[in-house]
Protein chains: 2
Amino acid sequence: MKRSVSAAERRREILQAAGRVFARKGFERSTTAEIAREAGVAEGTIFRHFETKQALLIDLVASVLTEPLTAVWKRSENRPVEEILRDVLRNRLALFRENAPLLKIFFAEALFREDLRDRFIDEVVLRAATAAEAFFREEQARGSLRPVNPQIAVRCLMGMLGIFVVWSEFLGGDKYLRFDDEAVLDTIISIYLDGVRGRG
Amino acid sequence: MKRSVSAAERRREILQAAGRVFARKGFERSTTAEIAREAGVAEGTIFRHFETKQALLIDLVASVLTEPLTAVWKRSENRPVEEILRDVLRNRLALFRENAPLLKIFFAEALFREDLRDRFIDEVVLRAATAAEAFFREEQARGSLRPVNPQIAVRCLMGMLGIFVVWSEFLGGDKYLRFDDEAVLDTIISIYLDGVRGRG
DNA sequence: ATAAAATATGAGTGAGCACTCACTCAGGAG
DNA sequence: CTCCTGAGTGAGTGCTCACTCATATTTTAT
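Residues numbered from 1 in each chain as written. Chains lettered and ligands numbered in written order. Predicted model: local features only at pLDDT ≥ 70, side-chain atom pairs only at ≥ 80, totals over all residues. Heavy atoms only, no water.

Caption draft 1: Structural view of the domain arrangement of chain A. Residue and element names in this part refer to chain A. Partitioning chain A into structural domains gives domain 1 (7-60) and domain 2 (67-197). Just the C-alpha atoms count here: the centres of domain 1 and domain 2 sit 31 Å apart. Every contact between the two is made by eight residues of domain 1 and, on the other side, eight residues of domain 2. Across the domain 1-domain 2 interface, the total number found is zero salt bridges. Run the count over domain 1 and domain 2 and you get one residue pair in polar contact (both at pLDDT 80 or more). For the side of domain 1 that touches domain 2, the secondary-structure elements that each account for two or more residues are α1 (7-25) and α4 (53-65). Each residue belonging to the side of domain 1 that touches domain 2 can be placed in one class, and the counts come to six nonpolar, two polar and no charged. (Domains from an automatic or database assignment. Contact = heavy atoms within 4.5 Å. Salt bridge = Lys/Arg side-chain N within 4 Å of Asp/Glu carboxyl O. Polar contact = N/O pair within 3.5 Å; in protein donor to acceptor, adjacent residues only side chain to side chain. Helix = DSSP H or I, 4+ residues; strand = E, 2+ residues; numbered from the N terminus. Nonpolar A, V, L, I, M, F, W, Y, C, P; charged D, E, K, R; others polar.)

Shown next, in the form of structure tokens:
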């Protein structure tokens, strides 16, 4: 029996251990026995800090959603759209990579669980999309972007970035083919900007 | 006890029932009891036709992968690239939608199972990517596309299409916001083509 | 018609797993 | 020091679920 750390600390340790195990095996295949082993505590200890195994998942999901978006979609006089786009994409990519294990669990469970699916759509997809849409519309009003449907156009951009995250972080595709982040960002930006500005 | 159908027919019935249940709940949360109920047979009958529950999954996965790709990346004198692109995207979108429940299961399991992950990458991602890459390179050689990295560029296109499939088929996003397929294809094509051709 | 083979059934089985609880003990208060 | 609180422990519990098998029914062969 060790009491070297505070209850809050222990709680965090268990949560992190659960995150690692879930990331490896997925929620259903993870056992509380393995989480306990990973955290270096007895199985019973988990249930002193969390009501159920589910509670671990819910807590983990909540922790992803508190991440702040530092780079924002914001027009400013002396910054070209290209730079704004690059900042935002770089920021989002970094955020995705840092939280990849948790996002993966979140996404995987959202595929089959109503409650998590709603939260995923609200707090990940829509959160990312609406700000971008507003920016897109403003630029269209300014005449600098073509009059394509902004909701569709914004999702195209999300898809471009998303597929690389899914490839390297969710599917471990780096083993087969590794992409350089900056090269990816360069390509996305050049294709997308030319695409939404139109020819000439 | 009914014997109205042949063994092969019964097998297919069970497989389809399993597909429906897996699509609703995910593989782990689906029980053989529920699959049996869905198929209208006794639980034991499942195990006369399939060794294990896993075997159902493997068989389902295999059945997605036999789908032929009817529209192909193929240059022809009198067809503009835009039309080829539209045909291929339309074909892939239709294919994804038809097989969406199975693809969802396949993808969800691939996130955490080594063996399925490898198959998913090989037989879904790479199968789609390599033909497109070859086409892209040819067009670049012809001078009709900019010299961006073809592997990245092709994945951008896949991401654009993919996000709409994930949105509507995997996450049930239509409940929140429904996109018209043709509008989506139009937008993707116009953004992408202008993007990879470059300005002017 | 009868035997043999194939197929269907569902109660039963055992393994695995989330969760409990009676007990242990570390650390703090007085 | 003594007592008390609450975190830690892990064997135990009850339930779920994939899979089995003895038995029943249908089909096929002779």
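Picking up after the structure, the text goes on.
Caption draft 2: Spotlight on the pattern of salt bridges. All names here are of chain A. Tallied over the entire structure, the rule returns 52 salt bridges over all chains. Taking the shortest distance from any N to any O, the salt bridge between E38 and R20 comes out at 2.7 Å. Of this pair, E38 sits in helix α2 (residues 32-39) while R20 sits in helix α1, and the two are 18 residues apart along the sequence. One continuous salt-bridge network, built from bridges that share partners, spans R20, R24, K25, E34 and E38.

Caption draft 3: Region of interest: the protein's contact with DNA strand D. The full set close to DNA strand D counts 20 residues, and R10(A), A42(A), H49(A), T32(B) and K53(B) are the nearest of them. Measuring from a phosphate oxygen of DNA strand D, one finds a backbone N or O atom of A42(A) at 2.8 Å. Side-chain polar atom of T45(A) to a phosphate oxygen of DNA strand D: 2.8 Å apart, as the coordinates give it. Looking at the surface near DNA strand D, the elements that each hand over two or more residues are α3 (43-49) of chain A together with α3 (43-49) of chain B. Among the elements that take part in the surface near DNA strand D, α3(A) stands out by supplying four residues, more than any other. Its residues placed into classes, the surface near DNA strand D shows five nonpolar, eight polar and seven charged. (Near = heavy atom within 4 Å.)

Caption draft 4: Region of interest: the interface of chain A and chain B. Counting from both sides, the interface comprises 58 residues of chain A and, opposite them, 58 residues of chain B. Between chain A and chain B, the buried area comes to about 5100 Å², and carbon and sulfur atoms account for 71% of it. Our count for the contact surface shared by chain A and chain B stands at eight salt bridges. Linking E109(A) and R29(B) is a salt bridge whose minimum nitrogen-to-oxygen distance equals 2.8 Å. (Buried area = accessible area lost by both parts, 1.4 Å probe.)

Caption draft 5: Spatial organisation of empty space enclosed by the protein. Tallying each qualifying case throughout the model produces five cavities of 30 Å³ or more. Estimated volume of the second largest cavity: approximately 180 Å³. As for the second largest cavity, its lining consists of 16 residues, of which E28(A), R29(A), E109(A), E28(B) and E109(B) are closest to the centre. Secondary structure elements with two or more residues in the lining of the second largest cavity: α6 (100-110) of chain A together with α6 (100-110) of chain B. Of the residues assigned to the lining of the second largest cavity, the class counts are six nonpolar, two polar and eight charged. (1 Å grid on protein atoms, 1.4 Å probe; cavity = no way out; pocket = protein on both sides within 12 Å on 5 of 7 lines; lining within 4 Å. Points joined across faces, edges and corners; volume = space filled by probe spheres on them.)

Caption draft 6: Examining the relation of the copies chain A and chain B more closely. Here chain A sits on chain B after a turn of 180° about the axis and a move of 0.0 Å along it, with an RMSD of 0.1 Å. The relationship between the two copies is best expressed as a two-fold rotation axis. Mapped onto chain B, 100% of the interface residues of chain A are again interface residues, and the two copies thus contact each other with one and the same surface. (Least-squares fit on C-alpha atoms with pLDDT ≥ 70 in both.)

Caption draft 7: Structural context of the environment of R29(B). Assignment of secondary structure puts R29(B) in the loop between α1 (7-25) and α2 (32-39). Linking R29(B) and V64(B), residues 35 residues apart in sequence, is a C-alpha distance of 21 Å. Reaching out from R29(B), the side chain makes a polar contact with the side chain of E28(A) at a distance of 2.3 Å.

Caption draft 8: Structural context of α4(A). Those residues of α4(A) not exposed but buried are K53(A), L56(A), L57(A), L60(A), V61(A), V64(A) and L65(A). Elements that come into contact with the buried residues of α4(A) comprise α1, α2, α3, α6 and α7 (114-141) of chain A. (Buried < 20%, exposed > 50% of the residue type's maximum accessible area, 1.4 Å probe, protein only.)

Caption draft 9: Molecular detail of the packing of α1(A) against α4(A). All names here are of chain A. It is the contact of α1 with α4, at a shortest axis distance of 10 Å, that shows an interaxial angle of 90°. One finds that α1 runs roughly perpendicular with respect to α4. Note on element contacts: α4 touches α1 through K53, L56, L57, D59 and L60, opposite R11, I14, L15, A18, G19 and F22. Class assignment for the residues of the contact of α1 with α4 results in seven nonpolar, one polar and three charged. (Axes fitted to C-alpha atoms, helices over the stretch in contact; angles between N-to-C directions. Parallel < 35°, antiparallel > 145°, perpendicular 65-115°, else oblique.)

Caption draft 10: Structural context of helix α8 (residues 150-170) of chain B. Residue and element names in this part refer to chain B. With 21 residues, α8 extends 28 Å between its outermost C-alpha atoms, agreeing within 8% with the 30 Å of an ideal straight helix rising 1.5 Å per residue. Most of α8 sits out of view: 15 of its 21 residues are buried. Put simply, N149 is the residue that caps the front of α8, since its side-chain oxygen is 2.8 Å from the backbone nitrogen of Q151. Looking one or two residues past α8, G172 carries a phi angle of roughly 60°, positive in sign. (Expected span 1.5 Å × (residues − 1).)

Caption draft 11: A look at the packing of aromatic side chains. What the rule picks out here adds up to 13 aromatic pairs over all chains. Aromatic pair W73(B) and F135(B): ring centres 5.1 Å apart, planes at 40°, arrangement tilted. Separated by 62 residues along the polypeptide, W73(B) in the loop between α4 (53-65) and α5 (81-98) and F135(B) in helix α7 (residues 114-142) bring together distant segments of the chain. The same class applies to W73(B) as to F135(B), namely buried. Among the aromatic side chains, those forming a connected cluster through ring pairs are F106(A), F107(A), F120(A), F170(A), F106(B), F107(B), F120(B) and F170(B). The residue whose ring lies beneath K53(A) is F27(A), and the NZ or CZ to ring-centre distance is 4.5 Å. We note R155(A) situated over the ring of W167(B); from NZ or CZ to the ring centre the distance is 5.4 Å. (Phe/Tyr/Trp six-rings, centres within 6.5 Å; stacked < 30°, edge-to-face > 60°. Lys NZ or Arg CZ within 6 Å of the ring centre and 35° of its normal.)

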